[in-house]
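Structure at a glance
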Amino acid sequence: MMHKFEKFGKKIVIDTNSSSVYVVDDVVYEILDFYTPGCNKNSSWFCTLAKKYGENEVSEAFDEIQKLEKNSQLFAKDININNIKIESPIKAMCLNVAHDCQLRCKYCFASQGDFGGQRMLMSDKTAKNAIDFLILNSGKRKNLEIDFFGGEPMMNFEVIKKTIEYAKINAKIFDKNFRFTITTNGLGLDDEKIDFLNQEMSNIVMSLDGRKNINDSMRITANGLGCYDIIVNNFKKIVKKRGKKDYYIRGTFTKKNLDFTQDVIALYNLGFKKISLEPAVIDENTDYALNFEDIEKIKHEYDKLASWVINTKKIDPDFVFFHFNINLENSPCLTKKIKGCGCGNDYIAVTPNGDIFPCHQFVGKNEFLMGNVNNNLFSKSIKSKCIKNLQNTLKLCKNCTAKAFCSPCLARSKFTSELGCKISRSRVESALGTLIPE
Amino acid sequence: MSMSINMKHISTISSPNSNKNACDTGCGECQASCQSACKTSCTVGNQKCENQNIQICE
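Figured I'd write up the structure that's included with this text. It should be emphasised that the depicted structure is a prediction, and the values quoted were computed from it without experimental measurement.

1. Here we look at the overall build of chain B
Secondary structure summary: chain B contains zero helices and one strand in total. Per-residue burial for chain B yields a buried fraction of 62% across its 58 residues. Expressed as a percentage of contacts within chain B between residues at least 6 apart in sequence, the contacts between residues at least 24 apart total 43%.

2. Some remarks on the nonpolar core
Residues and elements named next belong to chain A. Counting 123 residues, the largest nonpolar core has Phe148 and Phe178 as the members making the most contacts within it. Top element by residues in this core is helix H10 (residues 295-315). It accounts for seven residues. Setting aside its immediate chain neighbours within four residues, Phe178 contacts Ile131, Leu134, Ile135, Leu144, Ile146, Ala167 and Ala171. In this structure, Val24, Val27, Tyr35 and Leu49 belong to the second largest nonpolar core, which totals 23 residues.

3. Some points on unusual backbone geometry
All names here are of chain A. Look at the link from Gly150 to Gly151: it is a cis peptide, with omega at 20 degrees. One can find Gly151 in the loop between strand E6 (143-150) and helix H5 (157-174). With phi around 60 degrees, Ser72 is a residue other than glycine that occupies positive phi space. For Ser72, the location among the structural elements is in the loop between helix H3 (55-70) and strand E4 (92-99). Among the residues examined, Ser72 registers a relative accessible area of 40% and is labelled partly exposed. Although it is not a glycine, Phe75 adopts a positive phi angle of roughly 55 degrees.

4. A short note on the packing of aromatic side chains
Residue and element names in this part refer to chain A. Considering all chains together, one arrives at 20 aromatic pairs over all chains under this definition. Ring centres 6.3 Å apart and planes at 80 degrees place the aromatic pair Phe253 and Tyr302 in the edge-to-face group. Of the two residues, Phe253 is situated in strand E9 (residues 246-253) and Tyr302 in helix H10; the sequence distance between them amounts to 49 residues. You'll find Phe253 and Tyr302 in the same group, each marked buried. Ring-pair connections join several aromatic residues into one group, and the members of that group are Phe34, Tyr35, Trp45, Phe46, Phe62 and Phe75.

5. Some words on the environment of Lys403 of chain A
Residues and elements named next belong to chain A. Looking at the element boundaries, Lys403 is found in the loop between helix H12 (380-397) and helix H13 (410-415). For the pair Lys403 and Ile338, spaced 65 residues apart in the sequence, the C-alpha separation amounts to 9.4 Å. For Lys403, the residues in contact, after removing those within four places along its chain, are Thr16, Asn17, Asp78, Cys397 and Lys398.

6. Considerations on the interface of chain A and chain B
Taken together, the 72 residues of chain A in the interface contact 42 residues of chain B. Of the roughly 5000 Å² buried between chain A and chain B, counting both surfaces, carbon and sulfur atoms make up 49%. Ranking the residues of chain A by area buried against chain B places Glu64, Phe322 and Asn330 of chain A at the top, with a combined share of 12%. Applying the counting criterion to the chain A and chain B interface returns two salt bridges. Of the charged contacts in the structure, one is a salt bridge between Lys8 of chain B and Glu60 of chain A, with a shortest N-O distance of 2.8 Å. For the pair chain A and chain B, the number of links is 20 residue pairs in polar contact (both at pLDDT 80 or more). The element contributing the most residues to the side of chain A that touches chain B is H3 of chain A, with seven residues.

Cut-offs and rules
- Residues numbered from 1 in each chain as written.
- Chains lettered and ligands numbered in written order.
- Predicted model: local features only at pLDDT ≥ 70, side-chain atom pairs only at ≥ 80, totals over all residues.
- Heavy atoms only, no water.
- Helix = DSSP H or I, 4+ residues; strand = E, 2+ residues; numbered from the N terminus.
- Buried < 20%, exposed > 50% of the residue type's maximum accessible area, 1.4 Å probe, protein only.
- Contact = heavy atoms within 4.5 Å.
- Core = buried A, V, L, I, M, F, W, Y, C linked by side-chain atoms within 4.5 Å.
- Phe/Tyr/Trp six-rings, centres within 6.5 Å; stacked < 30°, edge-to-face > 60°.
- Buried area = accessible area lost by both parts, 1.4 Å probe.
- Salt bridge = Lys/Arg side-chain N within 4 Å of Asp/Glu carboxyl O.
- Polar contact = N/O pair within 3.5 Å; in protein donor to acceptor, adjacent residues only side chain to side chain.

In structure tokens form, the structure reads like this:
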């Protein structure tokens, strides 16, 4: 499918099936209002446009479009997903070492850390069983991933240390390469913990929402106080000592800060160069939940952010806004795009008691309980259900203008509405606007 | 067939037939998207292919 739009004075065309991206002139842009695969120059619209732009110009532009069409780089045929092998060994695990948190963030999809269940920490025995389970079910995959998640994973620091030590020993035995990442709220960190994280984690995701008043209105402690002043200092320490290793400051925006460009700028002004800011996934009945009436504002704000990103990258090429960072040069392969996040297929989440769910957003949804790492039980039927759900979701994505750069999210299709997809589509267009050379 | 050349009316910014990703392997060695900086707003567009051994398509 061909999709065209204008952004920052550029006329951009995407071929969603081949993932091709073009910048075109006025003639091509207008021809594409009428052009259909296999059409010819005898069409009535051709004469109309020839009068407007001149016959030679329209003829040349037509030939260029036709050339791309013949090369399956424009109006490419839809991908037959039945030809893609979706089932995979497990390679990535979200290890929820703590279903507890010092914060009571209002928008937390994990119900303030406990995922709707008991507050508890994972034992080192369960963590080791999780590592064994991952290795056992990883087939020939060499690169395995453990993301320490919660709740607040650093509330279970000793188990994190033991888990990494155990995984490294077993990586040598089984010829695997573990990558460790963590998502932390920044509380309870000291120099020893910071040094450990910087040494062991290939990526550290630090939760901070931007401006102090925005952060402290949502990210509050159990006694109702904001956490900004503590965590900003800790995050600065991490980044200062981190060198060139990956990190992201990850924030959330809600209806209360639809001017979220100001939050990205606030984070940048604190010295952070790698920033992610995502729409909140929350109960639509809360007064800070995003809804359909916010879409136009969000779209406008992403464009505003994109303009700021374009100007900032001119003076600071190291700056990265995660969701605008579409990788056009070395993008993931077609199989990866089809399989998406791998939820319940090559990616799973494990709770403190060892229960396995398709992903962190499914934790606590017992109809999706896949098994338990402590007794090595694993339900292939839930895995099959996830793959079936993926195939059904891909059908919904078939005519989506963002499908070349987005991917199906089973949690979104299962538990949320079309809203997230609308936001993704506007974000992709703004992102592409930042990638077109001036 | 590779065709990333720019024409008079159309500039190619990215075209998969002109890079290695057309030789699709699905080796699965790349990062899971929700293990990056996003846990709620899934995307694969900013992921990178980590397979250095894929031949460039002709």
